[in-house]
Amino acid sequence: MTSRTTNQADVIPLRPLPTAAGPAPQDLSQDLSQGLPREPLWRDLVGEVLRRERRSQGRTLKDVSEASRISMAYLSEVERGRKEASSEVLAAAAQALGLSLADVLALAGERLVSLAAARTRSRSRSLGAAGGHRSARTAGGHRSVRAAGPVRPTGPMGGVLLAA
């Protein structure tokens, strides 16, 4: 074996690779295993927020890139969800758009909540068609099957209710 072959590793993609007839990975909006909307990635949500805010201000990528001192290529990749930006980069981009880092994160959080609610509705519809049962975690960590209805979090911290 040469050092070249021993230093190579198998890479397992986090998302399915595109097929000749299928969409690109960033365009996949369905969890193919269950036919449900896929769990969103934080970098996609933050990129969406940055791009939406930039466009709503009628500003170009070049303009925001110069104002934030982030390369145009890197900022473009952040907006498209291809790069996981550091907090310093996100703060600089937010400031260039006249926002705070907290504003960007709050907007991304709101989007996450709305997508989670849509995912829950999709799951509820598919569970209703499958007989009205679902699996829920109990305090001991074991799964039990219960009739469809609200699942109440258990444990020392209780639960957090998010509304969309």
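The following paragraphs examine the structure supplied in this document. (Residues numbered from 1 in each chain as written. Predicted model: local features only at pLDDT ≥ 70, side-chain atom pairs only at ≥ 80, totals over all residues. Heavy atoms only, no water.)

This brings us to the overall build of the chain. Looking only at helices and strands, the chain features six helices and four strands. For the chain, the α and β elements follow one another from N to C terminus as α-β-β-α-α-α-α-α-β-β. Considering the chain as a whole, with its 164 residues, one finds that 23% of them fall into the buried category. For the chain, the computed accessible surface area is about 11,500 Å², with 56% contributed by carbon and sulfur atoms. (Helix = DSSP H or I, 4+ residues; strand = E, 2+ residues; numbered from the N terminus. Buried < 20%, exposed > 50% of the residue type's maximum accessible area, 1.4 Å probe, protein only. Areas by Shrake-Rupley, 256 points an atom, 1.4 Å probe, with all protein chains shown as cover.)

Within the largest apolar cluster, 18 residues are counted, with the highest numbers of intra-cluster contacts made by Val46, Leu50, Leu75, Leu90 and Val104. Looking at this core, the elements that each hand over two or more residues are α2 (42–56), α3 (61–68), α4 (72–79), α5 (87–96) and α6 (101–129). Those residues in contact with Val46 that sit more than four places away from it in its chain are Leu90, Val104 and Ala108. (Core = buried A, V, L, I, M, F, W, Y, C linked by side-chain atoms within 4.5 Å. Contact = heavy atoms within 4.5 Å.)

Here we take up α3. Within α3, burial applies to Leu61, Val64, Ser65 and Ser68. The buried side chains of α3 occupy one side of the element, clustering within an arc of 105 degrees when seen end-on. Exposed and oriented more than 90 degrees from the buried face of α3 are Lys62 and Glu66. In this structure, the buried side of α3 is in contact with α2, α4 and α5. After α3 finishes, the residue Arg69 shows a positive phi value of roughly 60 degrees. (Arc of directions from axis to C-beta.)

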